[in-house]
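Per-entry structural report
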Amino acid sequence: PKHFDVTLETSLKDESQRMNFQSACHYRTDSQGVFCTNTQAPAPGSAYSCVHSSGPLWSAQPQKGSMVRLWPHDIMKSLEYKFLLKNRKTGEVLASENITKSFVNKEVRRIVIKTGRIRGTLFVPSKPGPGIITLYGGVNKGNVPEDRAAMLASQGFVTLALAFFGVDDLPEVYSTFDMEYFKEAVDFLLSLPEVSHPQVGLCGISTGGNISLAMMMFLTRKIGACAVFGASFVSAPGLTVYKDKVIEASEFVPLTLAIKGGLDEIRR
């Protein structure tokens, strides 16, 4: 209907992976009886605000008993989203649709890596491509998070989701960062015949971002590009060490991150 108030309910459920995410977003249709998340913000009271094409998906919140982060235990398994379009006033269901979302395409191979000290998961596309290492600041139920690595591999990159704690025989928690371990991972990736470029890219999140920046500094010739998200641009909670070079640890204080030496230390 034209100029009609509707609610789009989005749900993602998978009992085997303890997933239960839901969102409810409200829209008003235009003179053609259509609404479009690419160009239209939802009405107040929705799960998100402003214009975001995939807003109904990323704004879905965990329900009681659900995992909190959307980190699938099986990255090779597709996610099944269910959409219900309802009359906002009466709750009558006007339409429904199921949509499948995959992190990785069928041509990508997933290989668990236990080579030397290296622990992680390798994703290899059907054709040779540039290499990328992904680094997170957390673990997924004793496994390295694989979502970003799987998606990058689906775009043609040979991607290593690298663990540095909490997986297999690695330390349960991290403190000091030994850059020789990360150099070993870079050398391993570059040694693969599927990797077509002499340098690797880095994608780091949180503490993984801090490590990526240190790798960029210490392993300059082997790193082609570095993208970080949510990094604090410090070494914390312990030292970062590469051969005879050391990045001193920064202290954590309640609510804020204190950097010894302040701005002068950053500039140095």
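Residues numbered from 1 in each chain as written. Predicted model: local features only at pLDDT ≥ 70, side-chain atom pairs only at ≥ 80, totals over all residues. Heavy atoms only, no water.

**Concerning the side chain of Thr121**
With respect to the element layout, Thr121 can be found in strand E7 (residues 118-124). A polar atom in the side chain of Thr121 sits 2.8 Å from the side chain of Glu146. The contacts of Thr121, once residues within four sequence positions are left out, are Arg110, Ile111, Ile113, Val144, Glu146, Thr159, Leu160 and Ala161. (Helix = DSSP H or I, 4+ residues; strand = E, 2+ residues; numbered from the N terminus. Polar contact = N/O pair within 3.5 Å; in protein donor to acceptor, adjacent residues only side chain to side chain. Contact = heavy atoms within 4.5 Å.)

**Describing the sheet that holds strand E10 (residues 177-178)**
Overall, mixed pairing links the 3 strands, which are arranged E10-E13-E14 in an open sheet. What marks the edges here is a single partner per strand, and that holds for E10 and strand E14 (245-247). Both strand E13 (residues 240-242) and E14 contribute to a ladder of 3 bridges, which runs antiparallel. In the sheet register, Thr240 faces E14, and the bridge partner there is Ile247. (Pairing = 2+ DSSP bridges.)

**A word on the nonpolar core**
The biggest cluster of nonpolar side chains holds 56 residues, and the ones touching the most others in it are Ile133, Leu160, Leu162, Phe182, Leu189 and Met215. The dominant element in this core, judged by the number of residues it contributes, is helix H3 (residues 179-191), at 7 residues. For Leu160, the residues in contact, after removing those within four places along its chain, are Ile113, Thr121, Leu122, Ile132, Ile133, Thr134, Ala185, Phe188 and Leu189. (Core = buried A, V, L, I, M, F, W, Y, C linked by side-chain atoms within 4.5 Å. Buried < 20%, exposed > 50% of the residue type's maximum accessible area, 1.4 Å probe, protein only.)

**Some thoughts on the state of the cysteines**
Enumeration according to the criterion identifies 0 disulfides in this entry. Distance from the sulfur of Cys226, which forms no disulfide, to the nearest cysteine sulfur (Cys203) is 8.6 Å. (Disulfide = S-S within 2.5 Å.)

**A short note on the pairing of strand E11 (residues 195-205)**
Sheet topology places strand E8 (residues 129-135) next to E11; 6 bridges connect them, and they run parallel. For Gly131, the partnering residue across the bridge sits in E11 and is Val200. Note that the unit made of E11, helix H4 (residues 207-218) and strand E12 (residues 223-229) has a crossover that is right-handed. (Right-handed = clockwise from strand over helix to strand, strands pointing away.)

**Some thoughts on the sheet that holds strand E2 (residues 19-28)**
Pairing is antiparallel across the open sheet formed by 5 strands, whose spatial order is E3-E2-E1-E4-E5. Of all strands in the sheet, those bounded by a partner on one side alone are strand E3 (61-62) and strand E5 (93-101).

**Topic: the pattern of salt bridges**
Counted according to the given criterion, the structure contains 12 salt bridges. Two residues, Lys77 and Asp14, come together in a salt bridge whose shortest N-O distance is 3.0 Å. Note that Lys77 is positioned in the loop between E3 and strand E4 (79-87) and Asp14 in strand E1 (residues 5-14), a separation of 63 residues in sequence. The partner of Lys114 in a salt bridge is Asp168, and the shortest N-O contact between them spans 3.2 Å. Within this pair, whereas Lys114 is found in strand E6 (residues 109-115), its partner Asp168 is found in the loop between strand E9 (158-162) and E10, the two being separated by 54 residues in sequence. Classification of Lys114 as exposed rests on a relative accessible area of 53%. One salt-bridge network, held together by shared partners, links Lys114, Arg119, Asp168 and Asp169. (Salt bridge = Lys/Arg side-chain N within 4 Å of Asp/Glu carboxyl O.)

**Let's talk about H4**
The terminal C-alpha atoms of H4, which comprises 12 residues, lie 17 Å apart, in line with the 16 Å expected from a rise of 1.5 Å per residue. With 9 of 12 residues buried, H4 lies mostly within the body of the structure. (Expected span 1.5 Å × (residues − 1).)

**Considering H3**
Under the 1.5 Å per step criterion, the end-to-end length of H3 is 18 Å for 13 residues, consistent within 8% with the ideal 18 Å. When H3 is considered as a whole, its buried residues turn out to be Met179, Tyr181, Phe182, Ala185, Val186, Phe188 and Leu189. The backbone nitrogen of Glu180 lies 3.0 Å from a side-chain oxygen of the residue at the head of H3, namely Asp178.

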